[in-house]
Amino acid sequence: MTRKIADCRKHPSVTNCSLTIAGEEEEVVRAATEHAVSVHEHADSPELREQIRASLEDEKVDA
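What counts and what doesn't
- Residues numbered from 1 in each chain as written.
- Predicted model: local features only at pLDDT ≥ 70, side-chain atom pairs only at ≥ 80, totals over all residues.
- Heavy atoms only, no water.
- Helix = DSSP H or I, 4+ residues; strand = E, 2+ residues; numbered from the N terminus.
- Salt bridge = Lys/Arg side-chain N within 4 Å of Asp/Glu carboxyl O.
- Buried < 20%, exposed > 50% of the residue type's maximum accessible area, 1.4 Å probe, protein only.
- Pairing = 2+ DSSP bridges.
- Contact = heavy atoms within 4.5 Å.
- Axes fitted to C-alpha atoms, helices over the stretch in contact; angles between N-to-C directions.

- As recorded by an unreviewed UniProt entry, the chain carries the name DUF1059 domain-containing protein and is attributed to Streptomyces yanii.

### What about the environment of Val61?
Stage number 1. Summarising the element assignment, Val61 is placed in the segment after strand 3 (57–58).
Stage number 2. Note: C-alpha distance between Val61 and Leu19 (42 residues apart in sequence) is 19 Å.

### A closer look at the pattern of salt bridges
Stage number 1. Counting across every chain of the model gives eight salt bridges.
Stage number 2. Glu59 is paired through a salt bridge with Arg3; the nearest N and O atoms lie 2.7 Å apart. Of this pair, Glu59 sits in the segment after strand 3 while Arg3 sits in the segment before strand 1 (4–7), and the two are 56 residues apart along the sequence.
Stage number 3. In this structure Arg3 comes out as partly exposed when scored by relative accessible area, which is 38%.

### Some points on the sheet that holds strand 2 (residues 20–23)
Stage number 1. Read across the sheet, three strands follow the order 2-1-3 without closing on themselves; strand pairing throughout is antiparallel. Because the sheet does not close on itself, it has two edges, and the strands there are strand 2 and strand 3.
Stage number 2. Helix 1 (residues 25–38) contacts strand 1 and strand 2 of the sheet and is inclined by roughly 155° relative to strand 2.

Below you can see the structure in the form of structure tokens.
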């Protein structure tokens, strides 16, 4: 199974957040949503979760 990554550095923010979250897709969506709500003051909603899910990238594994 391919691990997914959510990388705050790819999204503009006033705090210049550098957090990267990696894991299985549902884990990353859950953790990234909690981070977006607690740190970036977003409202938890199905729309936020879908935006996060759409922004996930596959983790690149060094060979």
